[in-house]
Amino acid sequence: MTERNAKEPVTMLERNSHVAIMPNENSPAAEVLEIASVLFVGPVYVQLFDGRMYASLGGKSLAQRKLSYIVPATEEHWAALKAKRNQLAQHA
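Computed from a predicted structure; not experimentally measured.

(A) Local environment of the nonpolar core. Counting residues in each nonpolar core, the largest one holds 9 residues, listed as L13, V19, I21, A36, V38, V46, L48, Y54 and I70. With 7 residues, the next largest nonpolar core counts A20, V32, I35 and V71 among its residues.

(B) Inspection of the sheet that holds strand β2 (residues 34-41) at higher detail. Taken in spatial order, the 5 strands line up as β4-β3-β2-β1-β5 in an open sheet, and their pairing is antiparallel. What marks the edges here is a single partner per strand, and that holds for β4 (53-55) and β5 (69-72). Averaged over all pairs of adjacent strands, the angle between their axes in this sheet comes to 45 degrees, without regard to strand direction. Note: β2 against strand β3 (residues 45-48), 3 bridges, orientation antiparallel. Directly across from V41, in β3, lies its bridge partner V46. This element, helix α1 (residues 75-91), spans β1 (18-22), β2 and β5 of the sheet and lies at about 135 degrees to β2.

(C) Highlighting the packing of aromatic side chains. In the structure shown here, the tally under the stated rule is 1 aromatic pair. Seen from their ring centres, F40 and Y45 are 5.3 Å apart, and the 45 degrees between their planes marks the pair as tilted.

(D) Molecular detail of the pattern of salt bridges. Across all of its chains, the model carries 2 salt bridges by this definition. Among the salt bridges present, the one from E34 reaches R52, with a minimum N-O distance of 3.0 Å. Taken together, the positions of E34 in strand β2 and R52 in the loop between β3 and β4 put the pair 18 residues apart, joining distant regions of the chain. The class for E34 is partly exposed, based on a relative accessible area of 31%. Owing to a relative accessible area of 24%, R52 belongs among the partly exposed residues under this scheme. The shortest N-O distance in the salt bridge between R52 and D50 comes to 2.7 Å.

Reading the values: the criteria
Residues numbered from 1 in each chain as written. Predicted model: local features only at pLDDT ≥ 70, side-chain atom pairs only at ≥ 80, totals over all residues. Heavy atoms only, no water. Core = buried A, V, L, I, M, F, W, Y, C linked by side-chain atoms within 4.5 Å. Buried < 20%, exposed > 50% of the residue type's maximum accessible area, 1.4 Å probe, protein only. Pairing = 2+ DSSP bridges. Helix = DSSP H or I, 4+ residues; strand = E, 2+ residues; numbered from the N terminus. Axes fitted to C-alpha atoms, helices over the stretch in contact; angles between N-to-C directions. Contact = heavy atoms within 4.5 Å. Phe/Tyr/Trp six-rings, centres within 6.5 Å; stacked < 30°, edge-to-face > 60°. Salt bridge = Lys/Arg side-chain N within 4 Å of Asp/Glu carboxyl O.

Written out as structure tokens, the structure is:
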């Protein structure tokens, strides 16, 4: 499991990078909610293509309605998301 310090900047991201949307600061990759593409990375915030914004320091969502965090997407995140989708397809 790849964990990231919650105070670590996510500014190593760049436009079109993929980020994993996570429910908590130190969630394991298996808990990935979704993977999204980055539109903008600045010193204060990271904006995704769908308009959501996250703090550049710590990756915490800037929206009050639903708390989530971003981390750079890894192969582990992609595999977990694929497994979740396959599981849903089997139950549909």
